[in-house]
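Topology and contacts: notes
Residue strings, one per chain:
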Amino acid sequence: MNHFERFGVDPNTMIHAAGVRKNFGPLEVLKGVDLTVSKGSVACIIGPSGSGKSTFLRCINHLEEVNSGLILVDGNFVGYRLQGDTLHELPASAICQRRAEIGMVFQHFNLFPNMTVLENLIEAPVRVRKEPVAQAREHALELLRRVGLEAKRDVYPRNLSGGQQQRVAIARALAMKPKVLLFDEPTSALDPELVGEVLEVMKDLAQGGMTMVVVTHEIGFAREVADTLVFMDGGVVVEKGDPKEMIANPTSQRTRDFLGRVL
Amino acid sequence: MATDISKHAHTGIQDVEQLTIAPLRHPWRNVAVAIVLVLVLALLYSVATNPEFQWPVVGRYLFDPLILRGVVMTLVLTAIIMVLACVGGTLVALMLISPSRLLSVPANLFVWFFRGMPALVQLIFWYNMALLFKQIGLFIPFYGMVFSIPTNDIITPFVAAVIALSLQESGYMAEIVRNGLKSVGRGQTEAALCLGMKPSLLMRRIVLPQSMRVIIPPTGNEMINLLKTTSLVSTIAVGDLLYSAQSIYARTFETIPLLLVASAWYLAIVSVTTVGQSYLEFHFSRDEAKAKPSLLNSIASQLFSFRRRSRS
Ligand SMILES: Nc1ncnc2c1ncn2[C@@H]1O[C@H](COP(=O)(O)OP(=O)(O)OP(=O)(O)O)[C@@H](O)[C@H]1O
Ligand SMILES: [Mg+2]
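On a predicted model such as this, the values are computed, not experimentally measured, just so you know.

Here we look at the packing of helix 12 (residues 199-229) of chain B against helix 14 (residues 255-283) of chain B
Residue and element names in this part refer to chain B. Packing of helix 12 against helix 14 leaves a shortest axis separation of 10 Å and a crossing angle of 165°. In terms of their interaxial angle, helix 12 and helix 14 are classed as roughly antiparallel. Taken as a pair, helix 12 and helix 14 cross one another with a handedness that is right-handed. In contact with Ile 216, Pro 217, Gly 220, Met 223, Ile 224 and Leu 227 of helix 12, helix 14 contributes Tyr 266, Ile 269, Val 270, Thr 273, Thr 274, Gln 277, Leu 280 and Glu 281.

Here's what the structure looks like:
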């Protein structure tokens, strides 16, 4: 099912968000966010604390329901079935199936502490995708090799450094062969000397053609890797465009102030 | 003073190694130890020499068939009730944390009622169910009575005991399980959801196993409590350990030795349970533990906890 055509979106798009509004009770957190991410591209979202970056990411994979607006991932709604002009809410099991195609990496890793590294990686492929265990293991080991942690396969997460945990978390998300990866400040909880190893893995992924949306405070990473830089403030996208250009000459005063503070 | 310290610091490593530490003395602790020792010896002496304990009689009845049957009944009761209480308690706990008030309010009422009622009262109540409902049957509207059986045929003393105690135990277990579930962070649930896990799957694979390390220790306590609480069923003529002992001393009037026999069995079962508990605790905290506890170790560490000294 692909609804991109119906909404007049370029078929080469992976994520299309238009007029996304979200409020928590009386607090309006997203006030009409528009963003389009094409297949194989990287969008970095920056912005001050409380501007709604995390909330927007969580709306993309339907961890939060939007109050109004449209979010399509690979031409489909995550939480709804479109029939005629009506969006029917999907049952939890159907939402989970679609969510499995959208990987997410968290600030605090959220590895499962009761499972070893390898078990963390094969849990979802085996239980959700019903992959045979042997195949899932093989894929998992390949991913661990890719993030340079094959030797840690039988270790429990608590015995890994933060940087290692985050690399495992990335591998765990990749184990589901997602179409998109969402990152919510993946390096904010890390010691400065561990940030590099995680960014390195993410850079590799970007070069490998993975579609990524990255909320980050690493302006250097954004400048180097992002195809689109998005500046959010007060629940709206204030400015977006080519990262190098935007960092060199921001058009909006708010962007200029923010960049001045973080650079 | 400050100059003194700096002088020491400059005198080289060898001097530092020669420093000795005089441990703090605890004179009053020694006095307390002496008093306890005297009391324990006095107790042992009287237990060993007072003929009223009738140790030979204790030995004779320790493996009496009637006593053994009582032991089995106590074990069976405890096991059945504990299993039912774990299942029931988990269900009630899931209702307690449900966002739907239609589920959480009845669950709260359940816990309030069954935890608040004394076990003995519930036992007698279920035992006397026939006074309330003469018949138990299935009635289908527009069809009529499907079947109907006298209440006393279904609610035997054993069934009454199982129902009454498992309802009460479910109330306790619900609170324990709820606390365990709450101890697992939201991040775990979200990570599992993002991997496409359904709520039922993530509950079974992620949340429940992680909550186990919070759930098991109080559950072990509950089980020991329950084991002892089952002795109440002797009041409604279920043939448990205490009932067996009572039925023997009702004949022979050897009251004290038979109570000792029952006590020995209760203590023995509790000890075995404790070892099992420490194994379970190890299983659910594999990521923390370094080595599996040996059987002897775990017994020893349960019975005595030695104070570790920072300096050896
Ligand atoms: N579940 C929630 N309930 C109520 N308010 C919420 C909830 N989640 C977020 N908020 C509020 O929404 C606003 C935006 O939060 P959000 O986490 O999206 O900001 P952010 O841009 O990610 O900030 P940061 O850089 O600090 O992570 C904040 O004011 C926050 O308090
Ligand atoms: Mg955030």
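Overview of the confidence of the model for chain B
Residues and elements named next belong to chain B. Taken residue by residue, chain B gives an average pLDDT of 86. The fraction at 70 or more is 88%. Confidence scores differ between elements of chain B, with helix 1 (residues 2-9) showing the lowest mean pLDDT of 49 and helix 5 (residues 65-96) the highest of 96. The model gives residues 304-312 a pLDDT under 50, and that stretch makes one contact with residues more than four places away or in other chains. Model confidence for the complex: the whole-complex pTM is 0.81, and ipTM, which rates the interface, is 0.94.

Details of the sheet that holds strand 1 (residues 13-24) of chain A
Each strand in a sheet pairs with its neighbour through backbone hydrogen bonds, running either in the same direction (parallel) or in the opposite one (antiparallel). Residue and element names in this part refer to chain A. Spatial ordering of the open sheet is given by 2-1-4, a layout of three strands whose pairing is antiparallel. Looking at the sheet topology across the chains shown, the edges are occupied by strand 2 (27-38) and strand 4 (68-73). On average, each strand axis in the sheet is tilted by 15° relative to the strand beside it, whichever way the strands run. Of the pairings in the sheet, the one linking strand 1 to strand 4 comprises five bridges and is antiparallel in character. Bridge assignment links Ile 15 to a residue of strand 4, and that residue is Val 73.

Things to note about the pairing of strand 11 (residues 236-241) of chain A
Note that strand 10 (residues 228-233) of chain A and strand 11 of chain A share five bridges and pair antiparallel. Directly across from Val 230 of chain A, in strand 11 of chain A, lies its bridge partner Lys 240 of chain A.

A short note on the state of the cysteines
Using the criterion set out here, one finds zero disulfides over all chains in the structure. Unpaired in terms of disulfides, Cys 96 of chain A finds its nearest cysteine sulfur in Cys 194 of chain B, a separation of 9.7 Å. According to the relative accessible area criterion, Cys 96 of chain A is buried, its value standing at 2%. Cys 194 of chain B gets classed as buried once you look at its relative accessible area, which sits at 3%.

A few points about the packing of helix 5 of chain B against helix 6 (residues 101-116) of chain B
Residues and elements named next belong to chain B. Two elements in contact, helix 5 and helix 6, have axes whose closest approach is 7 Å; the angle formed by their N-to-C orientations is 130°. Between helix 5 and helix 6, the angle falls in the class oblique. Helix 6 is crossed by helix 5, and the crossing has left-handed handedness. Of helix 6, the residues touching helix 5 (which contributes Val 92, Met 95 and Leu 96) are Leu 103, Ser 104, Ala 107, Asn 108, Phe 110 and Val 111.

Focus: the sheet that holds strand 9 (residues 211-215) of chain A
Residues and elements named next belong to chain A. Taken in spatial order, the six strands make up an open sheet running 7-8-9-3-10-11, and their pairing is mixed. Every interior strand has two partners, whereas the edge strands, strand 7 (102-105) and strand 11, have only one. Direction aside, the axes of adjacent strands within the sheet are offset by 20° on average. When strand 3 (residues 42-46) meets strand 10, the two strands line up parallel, connected through four bridges. The residue of strand 10 that forms the bridge with Cys 44 is Leu 229.

Side note on the site of ligand 1
All names here are of chain A. In the vicinity of ligand 1, the residues found are Phe 24, Leu 27, Val 29, Pro 48, Ser 49, Gly 50, Ser 51, Gly 52, Lys 53, Ser 54, Thr 55 and Glu 185. Ser 51 has a polar backbone atom sitting 3.2 Å from an oxygen atom of ligand 1. In isolation ligand 1 offers 640 Å² of accessible surface; the protein chains occlude 60% of this area. When residues of the shell around ligand 1 are traced back to their parent elements, those giving at least two are strand 2 and helix 1 (53-60). Among the elements that line the shell around ligand 1, the one with the most residues is helix 1, at three residues. Residues of the shell around ligand 1, tallied by class, amount to four nonpolar, six polar and two charged.

Reading the values: the criteria
- Residues numbered from 1 in each chain as written.
- Chains lettered and ligands numbered in written order.
- Predicted model: local features only at pLDDT ≥ 70, side-chain atom pairs only at ≥ 80, totals over all residues.
- Heavy atoms only, no water.
- Axes fitted to C-alpha atoms, helices over the stretch in contact; angles between N-to-C directions.
- Helix = DSSP H or I, 4+ residues; strand = E, 2+ residues; numbered from the N terminus.
- Parallel < 35°, antiparallel > 145°, perpendicular 65-115°, else oblique.
- Left-handed = near helix turned anticlockwise from the far one by under 90°.
- Contact = heavy atoms within 4.5 Å.
- pLDDT = per-residue confidence, 0-100.
- Pairing = 2+ DSSP bridges.
- Disulfide = S-S within 2.5 Å.
- Buried < 20%, exposed > 50% of the residue type's maximum accessible area, 1.4 Å probe, protein only.
- Near = heavy atom within 4 Å.
- Polar contact = N/O pair within 3.5 Å; in protein donor to acceptor, adjacent residues only side chain to side chain.
- Areas by Shrake-Rupley, 256 points an atom, 1.4 Å probe, with all protein chains shown as cover.
- Nonpolar A, V, L, I, M, F, W, Y, C, P; charged D, E, K, R; others polar.

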